[in-house]
Amino acid sequence: MSVLDETFAPYFDREEEVICENPSGIILPTSIYKESSAYIKCIGDQINASYEHSIYDGCAILMRRLLEVLLLSNYTKRGLISSSDNEYHTLSSIIKDIENNNPFNFSKEEIGTINHIRILGNISAHKYRNTAIKNDILKLKSEYRYIIQTLLYIYSE
């Protein structure tokens, strides 16, 4: 076996499972999503692993994705949008509805954070001249955790 083969062998045999070295979570403590669906757990683990490995654009995009999934799920569960129609609602339109009707009783600051997460995720996905940095994520970390925890709690009711 060559030196290169020995060095990179662990990367070739990796499982599909996302591995995060910090079991307590970094952006999202695993305790807040461990009872969720496998899909939600996978996204939560990917958020933490991407942050831990300094993949900040990926982290921002995944944070936006989880937020959108949980908002759509809660809107569907409450009958605010039909399950067959939920894929046609954009995160922007949902945020506008939250601003106007506030079905989850978020504060103005929390609604602002939701919109900042959307914007950061969009920039990371679509603006090829910009990249997210650690501080972009850190500025939203506490509020993001609270919003995700709230949405998971509401969905489990």
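Each remark here, short or long, concerns the structure printed above.
Residues numbered from 1 in each chain as written. Predicted model: local features only at pLDDT ≥ 70, side-chain atom pairs only at ≥ 80, totals over all residues. Heavy atoms only, no water.

**A word on the packing of aromatic side chains**
Inspection of every chain in the model, using the stated rule, returns 3 aromatic pairs. The interplanar angle of 65 degrees and the centroid separation of 5.6 Å between the aromatic rings of Y51 and Y56 together place this pair among those described as edge-to-face. Of the two residues, Y51 and Y56, neither departs from the other in class, the shared state being buried. Summarising the aromatic geometry, the rings of Y75 and F104 are spaced 5.6 Å apart at their centres and angled 70 degrees between planes, so their arrangement reads as edge-to-face. Placement of the pair is Y75 in helix α3 (residues 56-77) and F104 in the loop between α4 (91-101) and α5 (108-126), with a sequence separation of 29 residues. By the burial criterion, Y75 is buried, and F104 matches it. A network of ring pairs unites the aromatic residues Y75, F104 and F106 as a single cluster. (Phe/Tyr/Trp six-rings, centres within 6.5 Å; stacked < 30°, edge-to-face > 60°. Buried < 20%, exposed > 50% of the residue type's maximum accessible area, 1.4 Å probe, protein only. Helix = DSSP H or I, 4+ residues; strand = E, 2+ residues; numbered from the N terminus.)

**A short note on the environment of K141**
Counting through the fold element by element, K141 comes out in helix α7 (residues 141-156). Here the alpha-carbon distance between K141 and T113, two residues 28 residues apart in the chain, equals 9.8 Å. Other than its neighbours up to four places away in sequence, K141 contacts I26 and I27. (Contact = heavy atoms within 4.5 Å.)

**Overview of the nonpolar core**
Ranked by size, the top nonpolar core spans 40 residues in total, and within it I47, L67 and Y144 carry the most contacts. Sorting the residues of this core by element identifies α2 (38-52), α3, α4, α5 and α7 as the ones contributing at least two each. Looking at this core element by element, the count peaks at 11 residues for α3. Leaving out residues up to four positions away in the same chain, L67 has contacts with L91, I114, I117, Y144, I147, I148 and L151. (Core = buried A, V, L, I, M, F, W, Y, C linked by side-chain atoms within 4.5 Å.)

**Considerations on unusual backbone geometry**
Even without being glycine, N102 reaches a positive phi, approximately 45 degrees. The topology assignment puts N102 in the loop between α4 and α5. Phi at N105 takes a positive value of approximately 55 degrees, unusual for a residue other than glycine. For N105, the position within the fold is in the loop between α4 and α5.

**Quick look at α7**
Taking 1.5 Å as the rise per residue, α7 with 16 residues should run 22 Å; its terminal C-alpha atoms sit 22 Å apart, in good agreement. What α7 keeps buried is the set Y144, I147, I148, T150, L151, L152 and I154. In the core, the buried residues of α7 are packed alongside α2, α3 and α5. (Expected span 1.5 Å × (residues − 1).)

**Focus: the packing of α4 against α5**
α5 packs onto α4 with a crossing angle of 170 degrees between their chain directions and a minimal axis gap of 10 Å. With respect to α5, the axis of α4 lies roughly antiparallel. Judged by residue contacts, L91, S92, I95, I98 and E99 of α4 engage I111, I114, N115 and R118 from α5. Within the contact of α4 with α5, the residues separate by chemical class into 5 nonpolar, 2 polar and 2 charged. (Axes fitted to C-alpha atoms, helices over the stretch in contact; angles between N-to-C directions. Parallel < 35°, antiparallel > 145°, perpendicular 65-115°, else oblique. Nonpolar A, V, L, I, M, F, W, Y, C, P; charged D, E, K, R; others polar.)

**Quick notes on the side chain of S50**
Positionally, S50 belongs in helix α2. Overall, S50 belongs to the buried group, its relative accessible area being 8%. A distance of 3.0 Å separates a polar side-chain atom of S50 from the backbone oxygen of I47. Those residues in contact with S50 that sit more than four places away from it in its chain are I55, G58, C59 and L62. (Polar contact = N/O pair within 3.5 Å; in protein donor to acceptor, adjacent residues only side chain to side chain.)

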